[in-house]
Amino acid sequence: MRKIGPLVFITACLAVCLVPSLGMIAKPTTQPVGNEQSLDLPRAMEEDGVFNANILSDLGKYFEQHFAFRPDIITADAVIQSSIFGVSNLDSVVAGTDGWLYYASTLDDYQGRNALSKEQIDGIVHNLALVQQRTEEHGAQFLFAVAPNKNTLYPEHMPSYYRVDESADRNRTLLNAALADSSVAYCNLFDVFEGHDETLYFSRDSHWNNKGALLAYHAVLSELEKPHDDYADVRVEEREDFVGDLNKMMYPSIGHPELNYYYGAEGAYQYVTETASVEEPFIRTENGDARDSLFMYRDSFGNLLLPFFASAFGDAIFSKSFPVMLDISLGQYQPDDVVFVIAERNIGWFLTQPPIMRAPIVEAESIDLVTTKSFDLTVKMSENSPLYLEVTGLVDEELGEGSSPVYLYVRDDEGYGTLYECYDFLTDQREDAFIAYLDAGDYEDLSTLSISVVVRDSAGFKAVGSNTVNIERNCDDKNYEY
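Along each chain, the written sequence defines residue order, and numbers are assigned to residues from 1. Only residues with pLDDT of at least 70 get local features here, since the model is predicted, and only at 80 or more are side-chain atom pairs given and counted; chain-wide, interface and lining totals rely on the full set of residues. Only hydrogens and water are set aside; all other atoms, that is, all heavy atoms of the structure, feed into the side-chain values.

A.B. asks: Help me get a handle on the packing of helix H5 (residues 118–137) against helix H7 (residues 171–180), residues and values and all.
C.D. replies: As a packed pair, H5 and H7 sit with axes 9 Å apart at the nearest point and diverge in direction by 50°. Here H5 lies oblique to H7, going by the angle between them. When you trace H5 past H7, the crossing you get is right-handed. For the pair formed by H5 and H7, the contact residues are Lys-118, Ile-121, Asp-122, Ile-124, Val-125 and Leu-128 on the first element and Asn-171, Leu-174, Leu-175, Ala-178 and Leu-179 on the second. Here an angle of 0 to 180 degrees is reported between the N-to-C directions of two axes, which are lines fitted to C-alpha atoms, with helices fitted over the stretch in contact. Only runs of H or I of at least four residues qualify as helices and only runs of E of at least two qualify as strands under DSSP, and these elements are numbered from the N terminus. Geometric relationships in this document are graded by angle, where less than 35 degrees denotes roughly parallel, more than 145 denotes roughly antiparallel, 65 to 115 denotes roughly perpendicular, and other angles denote oblique. Helix crossings get a hand from a simple test, with the near helix turned counterclockwise from the far one by less than a right angle marking a left-handed crossing and a clockwise turn marking a right-handed one. Contacts are assigned to residue pairs with any non-hydrogen atoms lying within 4.5 Å of each other.

Written as structure tokens, this is what we have:
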């Protein structure tokens, strides 16, 4: 009898452990949890007939997403950890007080850690100024806005064990100050929301509710001086029907509907694209009773903005694709207004993935090109589009000490040169750099580019280094018609 007890216990433990695996035969998990992307069953052989060397790790990832009863197991674990220990079972979600949930990617902003430097923030503003300049060259009006993180506006439900450095610089304060001293058209949503006592974000979602989205919509269109419906006279319908993204991530098998507000904007427009959800990366709408056209780059904060803006414009494009293909979008859609709305936590994207456009051409009466310094540069066909060559280089000590933008003087096959203004750039290794996109068709017959790195001071333009660089092209790039 003594041997039977342990044997029964071991057998029971094995049976429990096998349930998620064997259960996949009868009841696999078919839907991704929260914001996950669904994974397909991996194949042993690739489409080109080559053996998939990562088949075991791919199968592991597939199992992690599809084992039986996964939502129920995740939910049970989350309930235990949040109720008993006051912590989240997910690295991506912070369990706050009173049932509030926060997105963990906002912790740096909340605690005052890992902020961009003042020079990097100035680089973002410089990049936005170049985007605004290009937008205005196409006859459109530009506006930039930042959606505040939830714990920026409502920190009172954050767990006390996250230490906050009140004296530390934060991206939002540096950016707001830099934009105030710039010519970039900016709608300061931090001031807009901080002026309202009412809670305008969901407790278990990372975004604003419809009432908050309406406030942001009104602020942006007022800044653009666009006539628009403020929905002050409509009958507002209140429904507890919104289940937040953080709730779906942490408690996937328990819906917790929250109160939301509906203003009837959804009935004023039609989808031109086949659209099943406002989450889709590209959406186009039309409203026969409205005028003007809009191109909006938005991240997930734009989901609840979409009905309001779609109702306010005769033709509206909403894009989540990043980096933004700016030149292509401006040329193809010819919008009257261009609006970028991005989350506070994503401010750095304008350094790591600036909108793709041909670098601005700068007219200069003279350039001092005399230099003996060799500057390391990379020239390659852009991974985002074969229409562009991508020129990058790191900011050295000499460039870092100055306040001038970086320019590139590039010679063509006949020896004539063009001066381009670069974006500020932050590499994957967090190194300060510069980047310029050149029209690949202008240099299609060349295998190398002769480039001078140029700055501007009180005496004018002068080279601080130069190099002749091989152009890295894809094998099929030579057959591409520019």
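A.B. asks: Give a description of the nonpolar core that names residues and reports values.
C.D. replies: What makes a nonpolar core is a set of buried Ala, Val, Leu, Ile, Met, Phe, Trp, Tyr and Cys residues whose side-chain atoms join them at distances within 4.5 Å. The buried label goes to any residue with under 20% of its type's maximum accessible area, the exposed label to any with over 50%, and the partly exposed label to all in between, with areas taken from a 1.4 Å probe on protein chains only. Counting residues in each nonpolar core, the largest one holds 51 residues, and the members touching the most others are Phe-193, Trp-208, Tyr-217, Phe-309 and Phe-318. Of all the secondary-structure elements, those providing two or more residues to this core are helix H4 (107–111), strand E3 (141–147), helix H8 (189–194), helix H9 (210–223), strand E9 (293–298), helix H11 (306–312), strand E10 (315–319) and strand E11 (337–343). Considering every element that reaches this core, the biggest residue donor is H9, with eight residues. Among all residues touching Phe-309, those that are not within four sequence positions of it are Tyr-217, Val-220, Leu-221, Leu-294, Met-296 and Phe-318.

A.B. asks: Can you break down H7 residue by residue, with the values?
C.D. replies: Burial runs high along H7: seven of the ten residues are buried. Turning to H7, its buried residues number three or more, namely Asn-171, Arg-172, Leu-174, Leu-175, Asn-176, Ala-178 and Leu-179. Where H7 is buried, its residues touch H4, H5, E3, helix H6 (150–153), strand E4 (186–187) and H8.

A.B. asks: Before we move on, can you summarise the packing of aromatic side chains with the specific residues and values?
C.D. replies: Aromatic pairing here means that ring centres of Phe, Tyr or Trp (its six-membered ring) are within 6.5 Å. Orientation follows from the plane angle: under 30 degrees is stacked, over 60 is edge-to-face, and everything else is tilted. Enumeration according to the criterion identifies 30 aromatic pairs in this entry. Their ring planes at 75° and their centres at 5.4 Å tell us that Phe-142 and Phe-340 sit as a pair that is edge-to-face. Taken together, the residues Phe-142 in strand E3 and Phe-340 in strand E11 connect sequence positions 198 residues apart. Each member of the pair, Phe-142 as well as Phe-340, is classed as buried. Seen from their ring centres, Phe-193 and Trp-208 are 5.5 Å apart, and the 10° between their planes marks the pair as stacked. Note that Phe-193 is positioned in helix H8 and Trp-208 in the loop between H8 and H9, a separation of 15 residues in sequence. Judged by relative accessible area, which is 2%, Phe-193 ranks as buried. Taken together, the ring pairs connect Phe-142, Phe-144, Tyr-186, Tyr-297, Phe-322, Phe-340, Trp-349 and Phe-350 into an aromatic cluster. Above the ring of Tyr-102, the side-chain terminus of Lys-150 is found at 5.0 Å from the ring centroid. When the NZ atom of lysine or the CZ atom of arginine is within 6 Å of a ring's centre and also within 35 degrees of its normal, the charge is said to sit over that ring.

A.B. asks: Quick rundown of empty space enclosed by the protein? Include the residues and the values.
C.D. replies: Using only the protein atoms, space was sampled on a 1 Å grid; points where a 1.4 Å probe fits but cannot get out form cavities, open sets with protein on both sides within 12 Å along at least five of seven lines form pockets, and lining residues are those with an atom within 4 Å of a point. Grid points are joined across faces, edges and corners, and a volume is the space filled by probe spheres set on the points. What the rule picks out here adds up to two cavities of 30 Å³ or more. The computed volume of the largest cavity comes to approximately 60 Å³. What lines the largest cavity is Tyr-102, Tyr-103, Thr-106, Asn-149, Lys-150, Asn-151, Ser-206, Phe-301 and Arg-345. Only strand E2 (101–103) and H6 provide two or more residues apiece to the lining of the largest cavity.

A.B. asks: Which residues make up the packing of H5 against helix H12 (residues 326–333), and what are the values?
C.D. replies: Direction vectors running N to C along H5 and H12 enclose 20°, while the axes themselves pass 10 Å from each other. Between H5 and H12, the interaxial angle falls into the category roughly parallel. Remark: the crossing between H5 and H12 carries right-handed chirality. In this structure, H5 contributes Val-131, Arg-134 and Thr-135 to the contact, and H12 contributes Leu-326, Asp-327 and Leu-330. Ten residues, namely Ala, Val, Leu, Ile, Met, Phe, Trp, Tyr, Cys and Pro, are considered nonpolar, four, namely Asp, Glu, Lys and Arg, are considered charged, and the remaining ones, Gly among them, are considered polar. Classifying every residue of the contact of H5 with H12 by side-chain character gives three nonpolar, one polar and two charged.

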